[in-house]
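The residues making up each chain are set out below.
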Amino acid sequence: MLELRECSDQVKQAIKSGDYEQAAKYVARFRASQGNLPPGTDDASVRILMEAEEELSGIVRRRFEAAMSSKDSESVSRFAKLFHPLGLASEGVQKYVEFIRKSLAEKCSADFKQQLGSIGGGGIKRADQCPSPHAEALTSVFVAIADVVQEHQQSVEQEFGPLNFVVVVRGLLEEADIQGMRVIDKFSKDHAKVFSQQTLPDMREVGAVLEETAMITQRVQQFHTYIHDVARSVVEMVEDKAAFAESLPAGHSEQDGLPENTKLVHRVQELVSNYVLVEQNFLLQSVEKAIAETDSLDPYDPDQLTTTLVDDAFFILRESMLRSITTCDINAVCAVVNNVNAAVSNELRQALASNLSDGRGRYSNWVTHPKNLVLPKKGDHPLASLFMDQEGKIRANLTASVSWPHSMNNVQQCLENLDRLKESVEETFDEYFPPDGPDKDKRVMFQHCMDQLANSKSELETLHANQCKDGLNILKIHLRPMMEPLDKLDYNISEAQYADFQVNDPFAKGFNYQADIIHQHIKAVLNPVSAEEIMQQMADQTCRRIEKAALTKRFSIFGAVQFDNDVRAICAFFTNVSEQALRHKFARLNEMASLLNLESVEELKEILPDMRTWRLAPDEIRKLLASRSDFDASEDQIDRLLPY
């Protein structure tokens, strides 16, 4: 009772003197005790306090409105704090949000006019403007909102409670929708020509628009994550989660109290859909340009093994994929990866195959002349005469289609670029979509798309392997004459004939000499991987050719020794010129040589245990033993030793 009388005595005086904070405290004490007033309470004191509450509430409302109109931030803050003790917390928060949003809208409008007001149709910018003015304008909106949060969060939570700060955040989110969509609508209007795709604008302009689109999308995604994190941290402080969830408007999340989707996010999703379509068209046009218009072969630089096609195409592929990742939209990333994969599997692979087909005929005719295999003096191009016209002049505007070796190198360069592209893209993807990030469950979508890119690489690997076989077939015209002595060679020789063979080698030396000329040529015009593959295939075919010939001949012991020498010499050549192991290709020939060099049944018995792991078939072993004209063993003895 005494406290009530004290409040009634002092409240009017406080209001009259303008001490609204003290007056609000008296009203708050009265409101707190209203439910506990005992019988016989002084009705006059209650009436005075109720009148004071009504009067003070009116003053606070009017002064608050006036402060907002005059943009008096200090007075706004002062009177906003008085709503809560007057029991008007909800109204106060709404007024506070109204003030914040009004101030924010004015700032954003000024920034919009400064940054975008002078941009006309077609997105023409001032010379002093940044490359991405719309993205910067959108960033200004989000930065302004972040500044508001930092400036007002603590005071709002103290005066109105954490739950009411969530109301403030909702208001900021609504303002972000208005201001953000204003920027994006302006962006879409300024670049309508690009997004409509009805005309063919300059490709550099399209690339710039795509870059800015990705930046805009990224900024929205980042802001979306930021504002929801702010609200979530506030909601975590709420003790009565059930009551909070009950109070939420429809479509709002219990985790942060914010709407699960906003107009701005929806608008950006539409923008992303347009971005993917424009990116796909930009990608295809750029790749087709690299293939059909700008491909160039340098006929003067012997160290430049590829044409510009590969570097130009993969620059576009890489830029498109990395740009899509910066959107922070995993659906856009997957769509662009699929588009890149389609371009590699279709347009690029078809262009490579077409160039190989066109260049094969020219190269095949050119390389049949032995003089063209001989390496020129240092600094000259080994394919120079391939590029000349009938007058002996280098043709103009050369492309990969005139040179099979350059086309082969392009294929191999594509394979290596795909590996580097995969590594670069996955590394960048992990930066924007970390394994523990909000999109962690969607990472499998991206990996599936990257696996499809690996399938396209396999198609190119098959193309490369088949072309290596074709290349060997082209070059074998120079090896066939070197194999003819083998067909005529008699290994059933005497010691004197063997001695003559040591001076006048009938086969291996000439073969190795010609094979080395071919090796030096392909090493000069092809990349190491393709050259190695051709030499591996040459070794494989050479072994099978010698094996086939050996099974048709008769051997003396001296002929067997000569055969062993031939096999060792050819094996040594291929081993010396190859980077990869290939002695296994000569395993059957070495087994043949070992078998043919046996001098008695006892020696045959000694190697029987080892023969169980040989690659020669039983019939081949019997045939080779029978081909020895001077091997002292009957057919029955051999059959008893070789029962299998």
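Our structure is the block above this text.
Overview of the structure. (Residues numbered from 1 in each chain as written. Predicted model: local features only at pLDDT ≥ 70, side-chain atom pairs only at ≥ 80, totals over all residues. Heavy atoms only, no water.)

Comments concerning the overall build of the protein
Link 1 in the chain: Across its full length, the protein carries 24 helices and zero strands.
Link 2 in the chain: Here the protein has a C-alpha radius of gyration of 43 Å; the compact-globule value for 644 residues is 26 Å, and the former is much larger.
Link 3 in the chain: Principal-axis analysis of the C-alpha atoms gives the protein an extent of 145 × 70 × 35 Å.
Link 4 in the chain: Across the 644 residues that make up the protein, the buried fraction comes to 49%.
Link 5 in the chain: Across the protein, the fraction of contacts at a sequence separation of at least 24, relative to all contacts at a separation of at least 6, is 75%.
Link 6 in the chain: Of the accessible surface of the protein, which amounts to about 31600 Å², a share of 49% is contributed by carbon and sulfur atoms. (Helix = DSSP H or I, 4+ residues; strand = E, 2+ residues; numbered from the N terminus. Rg over C-alpha atoms; globule rule 2.2 N^0.38 Å. Buried < 20%, exposed > 50% of the residue type's maximum accessible area, 1.4 Å probe, protein only. Contact = heavy atoms within 4.5 Å. Areas by Shrake-Rupley, 256 points an atom, 1.4 Å probe, with all protein chains shown as cover.)

Notes on the side chain of Asn-409
Link 1 in the chain: On the secondary structure map, Asn-409 appears in helix 14 (residues 404-432).
Link 2 in the chain: Of note is the side chain of Asn-409, whose polar atom sits 2.9 Å from the backbone oxygen of Leu-305.
Link 3 in the chain: Apart from the residues lying within four places of it in its own chain, the contact partners of Asn-409 are Leu-305, Thr-306, Val-525, Leu-526 and Asn-527. (Polar contact = N/O pair within 3.5 Å; in protein donor to acceptor, adjacent residues only side chain to side chain.)

Looking at the packing of helix 6 (residues 133-160) against helix 7 (residues 162-190)
Each pair of packed helices can be described by the angle between their axes along with the distance between the axes.
Link 1 in the chain: Where helix 6 meets helix 7, the closest approach of the two axes is 10 Å, and the angle between their N-to-C directions is 170°. By the angle class used here, helix 6 and helix 7 are roughly antiparallel. Seen from helix 6, the contacting residues are His-134, Ala-137, Leu-138, Val-141, Ile-145, Val-148, Val-149, His-152, Gln-153, Val-156, Glu-157 and Phe-160; seen from helix 7, they are Pro-162, Asn-164, Phe-165, Val-168, Leu-172, Ala-176, Gln-179, Gly-180, Val-183, Lys-186, Phe-187 and Asp-190.
Link 2 in the chain: Among the residues making up the contact of helix 6 with helix 7, the classes are represented as 15 nonpolar, six polar and three charged. (Axes fitted to C-alpha atoms, helices over the stretch in contact; angles between N-to-C directions. Parallel < 35°, antiparallel > 145°, perpendicular 65-115°, else oblique. Nonpolar A, V, L, I, M, F, W, Y, C, P; charged D, E, K, R; others polar.)

Quick word on the packing of aromatic side chains
Link 1 in the chain: The tally for this structure, following the rule as stated, stands at 14 aromatic pairs.
Link 2 in the chain: Judged by centre distance (4.3 Å) and plane angle (10°), the rings of Phe-142 and Phe-223 are stacked. Taken together, the positions of Phe-142 in helix 6 and Phe-223 in helix 9 (residues 203-235) put the pair 81 residues apart, joining distant regions of the chain. Just as Phe-142 is buried, Phe-223 falls in that class too. (Phe/Tyr/Trp six-rings, centres within 6.5 Å; stacked < 30°, edge-to-face > 60°.)

Considering the pattern of salt bridges
Link 1 in the chain: The full count for this structure, using the stated rule, is 25 salt bridges.
Link 2 in the chain: A salt bridge links Glu-211 to Arg-323; its shortest N-O distance comes to 3.0 Å. A residue pair is termed long-range when its members are at least 10 positions apart, and Glu-211 in helix 9 and Arg-323 in helix 12 (residues 308-326) qualify at 112 residues.
Link 3 in the chain: Taking the shortest distance from any N to any O, the salt bridge between Glu-319 and Arg-318 comes out at 3.8 Å.
Link 4 in the chain: The exposure class of Glu-319 is partly exposed, given its relative accessible area of 25%.
Link 5 in the chain: Three or more residues joined by partner-sharing salt bridges are found here, namely Arg-101, Glu-174 and Glu-175. (Salt bridge = Lys/Arg side-chain N within 4 Å of Asp/Glu carboxyl O.)

With respect to helix 12
Link 1 in the chain: In this model helix 12 runs 27 Å from its N-terminal to its C-terminal C-alpha over 19 residues, within 8% of the 27 Å that 1.5 Å per residue would give.
Link 2 in the chain: Positive backbone phi, at 65°, marks Cys-328, one or two positions downstream of helix 12. (Expected span 1.5 Å × (residues − 1).)

Looking at the nonpolar core
Link 1 in the chain: By size, the foremost hydrophobic cluster in this structure holds 186 residues, and its most contacted members are Phe-563, Phe-574 and Leu-595.
Link 2 in the chain: At 15 residues, the largest contribution of residues to this core is made by helix 13 (residues 330-367).
Link 3 in the chain: For Phe-574, the residues in contact, after removing those within four places along its chain, are Phe-511, Met-535, Met-538, Ala-539, Thr-542, Leu-582 and Phe-586. (Core = buried A, V, L, I, M, F, W, Y, C linked by side-chain atoms within 4.5 Å.)

Regarding unusual backbone geometry
Among all residues except glycine, the phi angle is most often negative; among peptide bonds, the trans geometry is most common.
Link 1 in the chain: For Cys-328, which is not glycine, the phi dihedral falls at a positive 65°.
Link 2 in the chain: Phi is positive for Asn-397, which is not a glycine, with a value near 55°.
Link 3 in the chain: Note on placement: Asn-397 falls in the loop between helix 13 and helix 14.

Focus: the environment of Leu-595
Link 1 in the chain: Within the fold, Leu-595 resides in helix 21 (residues 587-596).
Link 2 in the chain: By relative accessible area, Leu-595 is classed as buried at 1%.
Link 3 in the chain: Once the C-alpha coordinates of Leu-595 and Arg-628 are considered, the two residues, 33 residues apart in sequence, prove to be 9.7 Å apart.

What to know about the side chain of Glu-426
Link 1 in the chain: Turning to its location among the elements, Glu-426 is positioned in helix 14.
Link 2 in the chain: In this structure Glu-426 touches Phe-446, Gln-447 and Met-450, once residues within four positions along its chain are discounted.

Section: the state of the cysteines
Link 1 in the chain: Applying the stated rule across the entire model yields zero disulfides.
Link 2 in the chain: Cys-468 takes part in no disulfide bond, and the closest cysteine sulfur to it belongs to Cys-414, at a distance of 14 Å.
Link 3 in the chain: For Cys-468, a relative accessible area of 0% translates into the label buried.
Link 4 in the chain: Here Cys-543 stays free of any disulfide, with the sulfur of Cys-571 as its closest cysteine sulfur at 7.4 Å. (Disulfide = S-S within 2.5 Å.)

A word on the packing of helix 15 (residues 443-475) against helix 19 (residues 528-550)
Link 1 in the chain: Running from N to C, helix 15 and helix 19 cross one another at 60°; their axes reach a closest spacing of 9 Å. As the angle between them shows, helix 15 and helix 19 are arranged oblique. For helix 15 against helix 19, the interelement crossing comes out right-handed. Between helix 15 and helix 19, the contacting residues are His-464, Ala-465, Cys-468, Lys-469 and Leu-472 on the first element and Val-529, Ser-530, Glu-533, Ile-534, Gln-537, Met-538 and Gln-541 on the second.
Link 2 in the chain: A class-by-class count of the residues in the contact of helix 15 with helix 19 yields six nonpolar, four polar and two charged. (Left-handed = near helix turned anticlockwise from the far one by under 90°.)

Focus on the environment of Met-483
Link 1 in the chain: Within the secondary structure layout, Met-483 lies in helix 16 (residues 480-488).
Link 2 in the chain: Met-483 gets classed as buried once you look at its relative accessible area, which sits at 8%.
Link 3 in the chain: Placed 225 residues apart in sequence, Met-483 and Leu-258 show a C-alpha to C-alpha distance of 82 Å.
Link 4 in the chain: What Met-483 contacts, discounting residues up to four positions off in sequence, is Phe-507, Phe-511, Arg-545 and Ile-546.

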